[in-house]
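Coordinate analysis (summary)
If you want the building blocks of each chain, they are given just below.
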Amino acid sequence: LHYPLRRQRQMCIETGLDQTETLLDEYKCYYMMSNMVPLQGRLYITQYHVCFYSNLLNVEHKLVFRARDLTHIHRRDDRTIVLDLLPSSARKQVRE
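Below is a summary of the structure that appears in this document. All values derive from a computational prediction rather than experimental measurement.

Conventions used here
- Residues numbered from 1 in each chain as written.
- Predicted model: local features only at pLDDT ≥ 70, side-chain atom pairs only at ≥ 80, totals over all residues.
- Heavy atoms only, no water.
- Salt bridge = Lys/Arg side-chain N within 4 Å of Asp/Glu carboxyl O.
- Helix = DSSP H or I, 4+ residues; strand = E, 2+ residues; numbered from the N terminus.
- Buried < 20%, exposed > 50% of the residue type's maximum accessible area, 1.4 Å probe, protein only.
- Polar contact = N/O pair within 3.5 Å; in protein donor to acceptor, adjacent residues only side chain to side chain.
- Contact = heavy atoms within 4.5 Å.
- Phe/Tyr/Trp six-rings, centres within 6.5 Å; stacked < 30°, edge-to-face > 60°.

We now examine the pattern of salt bridges. Pairing between side chains becomes possible if they bear opposite charge and their charged atoms approach one another. Scanning the model with the defined rule gives three salt bridges in all. The shortest N-O distance in the salt bridge between Arg42 and Glu26 comes to 2.8 Å. Of this pair, Arg42 sits in strand β2 (residues 39–46) while Glu26 sits in strand β1 (residues 23–31); the two residues are 16 residues apart in sequence, bridging distant segments of the chain. Note on Arg42: relative accessible area 24%, which makes it partly exposed. Looking at Glu26, the relative accessible area reads 11%, which means it is buried. Where Asp69 meets Arg66, a salt bridge forms, and the shortest distance between an N and an O atom there is 2.9 Å. For Asp69, a relative accessible area of 5% translates into the label buried. A cluster of three or more residues bridged by salt bridges with shared partners is formed by Arg7, Glu26 and Arg42.

Laid out in structure tokens, this is it:
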């Protein structure tokens, strides 16, 4: 099942991924940064990447992980989804 082309294009624009990436699913979510307020954004899952994108008060936060760097995904009792990653696997971008 493929997402509508409009969502696919939006995901590529927001995350900087290539147009050939196929969007498999997306979720509204929060990213917990250390010593900061949680960032509300979207989690995109493609065939090769897991990406987070947030634009809060015109400050963009982008995190892009290779799917092969995920070692474990689990859901806690409080409905929190935790991604376990290999060290130093994220490309992080913050743009103001």
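And the narrative resumes.
This part is about the side chain of Glu26. Within the local environment of Glu26, its side chain forms a polar contact with the side chain of Arg7, the two groups lying 2.7 Å apart. Within the local environment of Glu26, its side chain forms a polar contact with the side chain of Arg42, the two groups lying 2.8 Å apart.

With respect to the secondary-structure elements, Gln8 resides in helix α1 (residues 5–15). The class for Gln8 is buried, based on a relative accessible area of 9%. Leave out the neighbours within four places in its chain, and Gln8 touches Gln19, Glu21, Thr22 and Leu23.

It is worth spelling out unusual backbone geometry at this point. Leaving glycine aside, a negative phi is the common case for residues, and trans is the common case for peptide bonds. Despite not being glycine, Leu57 has its phi angle at roughly 55 degrees, a positive value. Following the sequence through the fold, Leu57 ends up in the loop between β3 (49–56) and β4 (59–66). Overall, the relative accessible area of 80% leaves Leu57 in the exposed class. Of note in the backbone geometry, Asn58 takes a positive phi value of approximately 65 degrees without being a glycine.

Taken as a whole and assessed by the stated rule, the structure comprises one aromatic pair. Where Tyr31 meets Phe52, the ring centres are 5.5 Å apart and the plane angle is 40 degrees; that geometry is what we call tilted. Of the two residues, Tyr31 is situated in strand β1 and Phe52 in strand β3; the sequence distance between them amounts to 21 residues.

When you line up the elements, Lys62 lands in strand β4. According to the relative accessible area criterion, Lys62 is buried, its value standing at 8%. For the pair Lys62 and Arg42, spaced 20 residues apart in sequence, the C-alpha separation works out to 9.9 Å. There is a polar contact of 3.2 Å between the side chain of Lys62 and the backbone oxygen of Glu14.

So yeah, pure geometry; function would need other evidence.
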